[in-house]
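Architecture and fold: a report
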Number of protein chains: 2
Amino acid sequence: MAKAQKPTINDVARLSGVSKKTVSRVINKSPLLNQATREKVEAVIAQLDYVPNPQARALALRRNFLIGLIHDNPNAQMVLNVQEGILDTIRATEFALVVRPVDRHSPTLLDDIRHFIEQQRLYGVMLLPPLSENDELARLCRDLGCTVVRMGSARLDDEAHLVASNDQEAVCEAVEWLAHLGHHRIGFVAGPEGFRSARERELGFIAGMGRAGLTIDPALLTRGNYRFESGKAAGEALLDAENPPSAIFASNDVMAAGVLHAACARGLRVPQDLSIIGFDDTAIAAHIWPPLTTVRWPIRAMARTAALKLIRPETAAREPAFFPSDLVRRASAIEYSGDPTG
Amino acid sequence: MAKAQKPTINDVARLSGVSKKTVSRVINKSPLLNQATREKVEAVIAQLDYVPNPQARALALRRNFLIGLIHDNPNAQMVLNVQEGILDTIRATEFALVVRPVDRHSPTLLDDIRHFIEQQRLYGVMLLPPLSENDELARLCRDLGCTVVRMGSARLDDEAHLVASNDQEAVCEAVEWLAHLGHHRIGFVAGPEGFRSARERELGFIAGMGRAGLTIDPALLTRGNYRFESGKAAGEALLDAENPPSAIFASNDVMAAGVLHAACARGLRVPQDLSIIGFDDTAIAAHIWPPLTTVRWPIRAMARTAALKLIRPETAAREPAFFPSDLVRRASAIEYSGDPTG
DNA sequence: TTGTAGGCGTTATCAG
DNA sequence: CTGATAACGCCTACAA
């Protein structure tokens, strides 16, 4: 039942009585072409249901129409959002998306990626955090002749090769919101050292406390690694402090969920006894109880734009590079109700 | 700094003083080759850091070394696990993974997928549930000349083209576990109609109740659509029943989280007043409070095997097709403690 | 065991 | 505006 054989450019040329090259011109929308000729060829193309062979084009053009997504990101929801965003942009094009999860700590990371890019002759790659913070990696990709767009939480690159959220400002606003709710002892769970996003969120916390006129108690500063268990441990440490906080900001949602576990395990009620704010607005934020107040950043839109910068480098600089985040107010953060021990 | 030009098979041939064809034989590990010749050529290949151009191979062989992952699955964690499993298998090969999220309800679904497969000349595709249950789609892919492996929760295809979990048996065991804990009024939240996995889990529930010698109260049978909100609604309906259940089995974790919300919103304590069991063991299961007892199925291992069936069809039938699930016992399901209204 | 000629489907060059 | 002719890098068939 399989169709005899896929039609090739030769079939189209023969049936429409022109040369291959002319057909090629039609395909590639060359401007210098007789309108009548074009229409004739297009009719045959439609009739034959002809689709150009991308492998042949790739060979002739010395470049493959593949966009690579390289990441080592533990946040499944985010990665998937990115994939969907990229697809939004390339769906109607000849590009395809090839994914490559990697291990950031592998000693052969750079070699692996080099091999991957060379082997597949990628057109361009998109780097997700935290990998996107690796300048050496970005340089490698470019040396390999492929465009790179990085997604990050700060100015990691020039605007033609970057889509970034403004984590610092977002966290700052979240902290101000807590202050506005009357909290003055606010705990902080930082992300892992070496992560740019973690650093930005940390700076945002400091700035927010400053703007709100609150002092930072070093005893309420903890650090996790963006994973659930570390958030739980940080929550325990914070709640066991001599003078515990009435609100905690965690640098991502999963750690915020960990803080929530720590609180529940101690019999505290959230949000009555403890307010919690997270970051990312991943699925978990809305699904835990109570629903988590958190910072949302427009991942999918960023990915769409990133893909655009990848496949249309000539207009890349004109696309936005910075995307605002906003605070999603849910039930996990409410007004300060006085000292629970009082 | 970009290397002048990538070496081609011609460079290797020239430098090692043999013909292209001989180099080709070395690359393809042809058995009829002088050992000395082979070693000589291999040395040159290593020295030049030569990598065969996959586009050229694809053109000559009329097939591309791309595995497509086509899905319309809302569970990010699952999709990512699948991607990682496939990568485990193809990492050291010349294959690459290209992903294609689609909209199951699009009227042009089949055409879109046909176009995608033809355009990229895919080597094989992997179908995730619920798309994998679509026989018409599977047939289309095969007619297009590409191998299909389906992932599902029942015998959707022959063993060479299938990796499946046994949802029915797994749910059955979960229900027996609840019965063993002393629960006799057990509520059920089914998945959406038309989903094979939903049907299997439903059958498992019925079987489990039967095995435990419990009767099924139709008032405790509800249906959701695998999404959070529907789980919450189902939970509300169940808890508002005249004679509410002491335990609820939800057909996936997200709906279980919804049930948990419904319970919390009514001031019930989980698990003291209500036991809950979910299905999938996605990240959310461990991260909500209390940690969710749930059914885990070995997604990544299944994906690894599926990829193997895709790239080595000749040995596909020898790979396992069925994978056992197991119950992860966490805190959300405990012993029945008598009628809460009593 | 190895080499030669030709083809895979497309695009680039450069005449006409 | 259009068309021969020659790449692109690899593989198959056939010959030596």
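Summarised in this report is the structure supplied together with it. Since we're looking at a predicted model, the values are computed, not measured.

Moving on: the sheet that holds strand 9 (residues 275-280) of chain B. Residue and element names in this part refer to chain B. Strand order in the open sheet formed by six strands is 7-6-8-9-10-12, and the pairing between neighbours is mixed. Looking at the sheet topology across the chains shown, the edges are occupied by strand 7 (221-223) and strand 12 (326-328). Sheet twist, expressed as the mean angle between neighbouring strand axes with direction ignored, is 20°. As paired strands, strand 8 (residues 247-250) and strand 9 are joined by three bridges and run parallel to one another. Paired with Phe 249 across the two strands is Ile 277, which belongs to strand 9. On the sheet, helix 9 (residues 196-211) packs against strand 6 (186-190), strand 7 and strand 9 and is oriented at approximately 165° with respect to strand 6.

Moving on, we come to the packing of aromatic side chains. All names here are of chain B. A complete count under the given rule lists 12 aromatic pairs over all chains for this structure. Between Phe 65 and Tyr 123, the ring centres sit 6.0 Å apart and the planes meet at 25°, which makes this aromatic pair stacked. One end of the pair, Phe 65, is in the loop between helix 4 (54-61) and strand 1 (66-71); the other, Tyr 123, is in the loop between helix 6 (109-120) and strand 3 (124-127), and 58 residues separate them in sequence. The same class applies to Phe 65 and to Tyr 123, which are both buried.

A few words now on the sheet that holds strand 10 (residues 293-296) of chain A. Residues and elements named next belong to chain A. Strands sit in the order 7-6-8-9-10-12 across an open sheet of six strands; the sheet is mixed. What marks the edges here is a single partner per strand, and that holds for strand 7 (221-223) and strand 12 (326-328). Within this sheet the neighbouring strands show an average axis-to-axis angle of 20°, counted without direction. On top of the sheet, helix 9 (residues 196-212) reaches strand 6 (186-190), strand 7 and strand 9 (275-280); it is set at about 165° to strand 6, its chief contact.

With that settled, consider the relation of the copies chain B and chain A. With an axial shift of 0.0 Å and an RMSD of 0.1 Å, the rotation relating chain B to chain A amounts to 180°. One copy is carried onto the other by what is essentially a two-fold rotation axis. The C-alpha atom lying nearest the rotation axis in chain B is that of Val 98 of chain B; the distance is 2.0 Å. Residue by residue, 100% of the interface of chain B is reproduced at the interface of chain A, so both copies engage with the same surface.

Here we take up the interface of chain B and chain A. Counting residues at the interface gives 49 residues for chain B and 49 residues for chain A. Note on chain B versus chain A: buried area summed over both sides is about 4800 Å², and carbon and sulfur give 58% of it. At the surface where chain B touches chain A, the tally comes to zero salt bridges. Looking at the side of chain B that touches chain A, the elements that each hand over two or more residues are helix 4, helix 5 (76-90), strand 2 (96-101), helix 6, helix 11 (253-265) and helix 12 (283-287) of chain B. If one sorts the elements of the side of chain B that touches chain A by residue count, helix 5 of chain B sits on top with seven residues. Its residues assigned to classes, the side of chain B that touches chain A comprises 28 nonpolar, 10 polar and 11 charged.

As a further point, take the nonpolar core. It is characteristic of soluble globular proteins that their nonpolar side chains tend to be buried jointly. The biggest cluster of nonpolar side chains holds 98 residues, and the ones touching the most others in it are Val 82, Met 126 and Met 151 of chain A together with Val 82, Met 126 and Met 151 of chain B. Residues Leu 239 of chain A together with Val 259, Leu 260 and Ala 285 of chain B belong to the second largest nonpolar core, which totals 53 residues.

Quick look at the protein's contact with DNA strand D now. Lining the immediate surroundings of DNA strand D are 25 residues, of which Arg 25 and Thr 37 of chain A together with Ile 9, Lys 21 and Tyr 50 of chain B lie closest. When the atoms of DNA strand D within 4 Å of the protein are grouped by moiety, sugar and phosphate amount to 66% of the total. Taking Arg 25 of chain A, its side chain carries an N or O atom lying 2.5 Å from a base oxygen of DNA strand D. Contacts to DNA strand D include Ser 24 of chain B, whose side-chain N or O atom sits 2.8 Å from a phosphate oxygen. Going through the elements one at a time, helix 2 (20-27) and helix 4 (54-61) of chain A together with helix 2 (20-27) and helix 4 of chain B are the ones with two or more residues in the surface near DNA strand D.

In this section: helix 1 (residues 9-16) of chain A. For an α-helix, the turn length of 3.6 residues means that residues three or four places apart are oriented alike. All names here are of chain A. Among the residues of helix 1, those classed as buried are Val 12, Ala 13 and Ser 16. The buried residues of helix 1 occupy one face: seen down the axis, they fall within an arc of 100°. Of the surrounding elements, those touching the buried residues of helix 1 are helix 2 and helix 3 (35-48). The backbone nitrogen of Asn 10 lies 3.0 Å from a side-chain oxygen of the residue at the head of helix 1, namely Thr 8. In the stretch just after helix 1, Gly 17 is the one whose phi turns positive, near 65°.

A separate point is the protein's contact with DNA strand C. Residues in contact with DNA strand C amount to 27 residues; listed here are only the nearest, Ile 9, Lys 20 and Tyr 50 of chain A together with Thr 22 and Thr 37 of chain B. Per the 4 Å cut-off to the protein, sugar and phosphate atoms form 62% of the nearby atoms of DNA strand C. One nitrogen or oxygen atom from the side chain of Asn 28 of chain A is found 3.0 Å from a phosphate oxygen belonging to DNA strand C. Between Ser 19 of chain B and DNA strand C, the recorded distance is 3.0 Å, taken from a backbone N or O atom to a phosphate oxygen. Taken together, the elements giving at least two residues each to the surface near DNA strand C come down to helix 2 and helix 4 of chain A together with helix 2 and helix 4 of chain B. Of the residues assigned to the surface near DNA strand C, the class counts are 12 nonpolar, eight polar and seven charged.

Residues and elements named next belong to chain A. Evaluation of the coordinates by the stated rule reveals 44 salt bridges over all chains. For Arg 14, the salt bridge identified is with Asp 11, shortest N-O distance 2.6 Å. Taken together, the positions of Arg 14 and Asp 11, both in helix 1 and three residues apart, correspond to about one turn of that helix. Three or more residues are tied together by salt bridges with common partners; here these are Glu 84, Asp 88, Arg 300 and Arg 304.

A surface patch of nonpolar side chains, about 230 Å² in accessible area, is lined by Ile 206, Ile 216 and Leu 221 of chain A. Positionally, Ile 206 of chain A belongs in helix 9.

Residues and elements named next belong to chain B. The geometry of helix 10 (residues 228-239) relative to helix 11 is characterised by a closest axis approach of 7 Å and an angle of 45° between their N-to-C directions. Here helix 10 lies oblique to helix 11, going by the angle between them. For the crossing formed where helix 10 meets helix 11, the hand is right-handed. Contacts from Phe 228, Ser 230, Gly 231, Lys 232, Gly 235, Glu 236 and Leu 239 in helix 10 reach Val 254, Met 255, Ala 257, Gly 258, Val 259, His 261, Ala 262 and Ala 263 in helix 11. Across the contact of helix 10 with helix 11, the residue classes tally to eight nonpolar, five polar and two charged.

The rules behind these values
Every chain begins its residue count from 1, and numbering advances along the sequence as written. Chains and ligands are labelled by the order in which they are written, letters from A for the one and numbers from 1 for the other. Per-residue local features of the predicted model are confined to residues with pLDDT of at least 70, and side-chain atom pairs are confined, for both listing and counting, to 80 or more; whole-chain, interface and lining totals are unaffected and use all residues. Side-chain descriptors were evaluated using all non-hydrogen atoms of the structure, hydrogens and water having been removed beforehand. The criterion for strand pairing is that DSSP finds at least two bridges linking the strands in question. By definition, any uninterrupted DSSP run of H or I lasting at least four residues is a helix, any uninterrupted run of E lasting at least two residues is a strand, and each is numbered from the N terminus. Interaxial angle, 0 to 180 degrees, is taken between N-to-C directions of lines fitted to C-alpha atoms, where a helix line uses only the stretch in contact. Throughout, a contact is declared for two residues whenever any of their heavy atoms are within 4.5 Å. Two aromatic rings, drawn from Phe, Tyr or Trp (for Trp, its six-membered ring), form a pair once their centres lie within 6.5 Å of each other, and the interplanar angle then sorts them: stacked below 30 degrees, edge-to-face above 60, tilted otherwise. For every residue, the accessible area obtained with a 1.4 Å probe (protein chains only) is divided by the maximum for its type, and the residue is called buried under 20%, exposed over 50%, and partly exposed between those limits. C-alpha atoms of residues with pLDDT of at least 70 in both copies form the basis for the least-squares superposition of the copies. By definition, the buried area sums, over both parts, the 1.4 Å-probe accessible area that each loses when the two are put together. The term salt bridge refers to a pairing of a side-chain nitrogen on Lys or Arg with a carboxyl oxygen on Asp or Glu at a separation within 4 Å. Ten residue types, Ala, Val, Leu, Ile, Met, Phe, Trp, Tyr, Cys and Pro, are classed as nonpolar, four, Asp, Glu, Lys and Arg, as charged, and the remainder, Gly among them, as polar. Residues grouped as a nonpolar core are buried Ala, Val, Leu, Ile, Met, Phe, Trp, Tyr and Cys residues, joined through side-chain atoms within 4.5 Å. Being near a molecule or strand, for a residue, comes down to having at least one heavy atom within 4 Å of it. Residues adjacent in sequence count toward polar contacts only when both atoms are side-chain atoms; beyond that, a polar contact is any pair of N or O atoms within 3.5 Å, and within protein one must be able to donate a hydrogen and the other to accept it. As used here, the arc belongs to the directions running from the helix axis to the C-beta atoms. Surface patches are drawn from residues lacking salt bridges whose relative accessible area is over 30%; two like charges belong together within 9 Å, two nonpolar side chains (Val, Leu, Ile, Met, Phe, Trp, Tyr) within 5 Å. To measure how exposed things are, a 1.4 Å probe is used in the Shrake-Rupley method; for residues, cover is taken only from the protein chains shown. Roughly parallel covers angles under 35 degrees, roughly antiparallel covers those over 145, roughly perpendicular covers 65 to 115, and oblique covers all other angles. Should the near helix be turned anticlockwise from the far one by less than a right angle, the crossing is left-handed, and should it be turned clockwise, the crossing is right-handed.

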